[in-house]
Amino acid sequence: FYTYALMQIPAGILFDRFQPRYILASSACVLTIGIFLLISTNQYYLAFIARLLMGAGSAFGFICMLQVCASSFPANRFALMVGLSE
């Protein structure tokens with residue numbers, strides 16, 4: 001949870017500067033690595049690192065969804081689109 005919350009600020013900055021397609025693909029790879037590390041480990045510290053990676057990858061996905069909703073739909077439908085995607 002802490003990594004998820006902390007990574008949303010750098011995610012927003014990166015999405016403002018670069019194309020969302022590449023950032024989202026990279027964060028999906030980080031999330032995938034975290035998932036596979038979590039399911040393959042029996043050690044606590046590796047599971048902790050895996051959860052950190054999963055939080056970092058999923059934070060970028062949420063910010064990207066917000067940006068796509070803001071740029072693709074009218075402003076009066078933003079709350080509806082975010083609520084539906086949650």
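First, a word on what this report is: a plain description of the structure on this page. (Residues numbered from 1 in each chain as written. Predicted model: local features only at pLDDT ≥ 70, side-chain atom pairs only at ≥ 80, totals over all residues. Heavy atoms only, no water.)

### Overview of the overall build of the protein
Helix and strand counts for the protein come out as four helices and zero strands. Order of helices (α) and strands (β) in the protein, N terminus to C terminus: α-α-α-α. Looking at the protein as a whole, 24% of its 86 residues are labelled buried. Contacts in the protein between residues far apart in sequence, at least 24 positions, make up 53% of those at least 6 positions apart. (Helix = DSSP H or I, 4+ residues; strand = E, 2+ residues; numbered from the N terminus. Buried < 20%, exposed > 50% of the residue type's maximum accessible area, 1.4 Å probe, protein only. Contact = heavy atoms within 4.5 Å.)

### Examining the nonpolar core
Within the largest apolar cluster, six residues are counted, these being A11, F15, I23, F60, I63 and C64. At the level of elements, α1 (2–17) and α3 (44–72) are the ones that each hand at least two residues to this core. Broken down by element, this core gets its largest block of residues, three residues, from α3. (Core = buried A, V, L, I, M, F, W, Y, C linked by side-chain atoms within 4.5 Å.)

### Comments concerning the environment of I63
As for its position among the elements, I63 is in helix α3. Through-space distance from the C-alpha of I63 to that of M7 is 9.8 Å; in sequence the pair is 56 residues apart.

### Concerning the environment of L24
On the secondary structure map, L24 appears in helix α2 (residues 20–40). Assessed through its relative accessible area of 33%, L24 is described here as partly exposed. Along the chain, L24 and I63 lie 39 residues apart, while their C-alpha atoms are 9.5 Å from each other.

### Details of the packing of α2 against α3
Running from amino to carboxyl end, α2 crosses α3 at an angle of 155°, the nearest separation of the two axes being 8 Å. Our classification of the angle between α2 and α3 gives roughly antiparallel. In this structure, the crossing between α2 and α3 has a hand that is left-handed. Partitioning the contact of α2 with α3 into residue classes produces 17 nonpolar, six polar and one charged. (Axes fitted to C-alpha atoms, helices over the stretch in contact; angles between N-to-C directions. Parallel < 35°, antiparallel > 145°, perpendicular 65-115°, else oblique. Left-handed = near helix turned anticlockwise from the far one by under 90°. Nonpolar A, V, L, I, M, F, W, Y, C, P; charged D, E, K, R; others polar.)

### Quick look at a nonpolar patch on the surface
A cluster of nonpolar residues, Y44, Y45, F48, I49 and L52, forms a patch on the protein surface that exposes about 570 Å² of accessible area. Here Y45 shows up in helix α3. (Patch = residues over 30% accessible without salt bridge, like charges linked within 9 Å, V, L, I, M, F, W, Y side chains within 5 Å. Areas by Shrake-Rupley, 256 points an atom, 1.4 Å probe, with all protein chains shown as cover. Salt bridge = Lys/Arg side-chain N within 4 Å of Asp/Glu carboxyl O.)

### Description of the packing of α3 against helix α4 (residues 78–85)
Packed helices, taken two at a time, are described by their axes: the angle between them and the distance between them. Between α3 and α4, whose axes approach to 9 Å, the crossing angle comes to 145°. The element α3 and its partner α4 pack so that their crossing is right-handed. Seen from α3, the contacting residues are M65, L66, C69 and A70; seen from α4, they are F78, M81, V82 and S85. When its residues are assigned to classes, the contact of α3 with α4 shows seven nonpolar, one polar and no charged.

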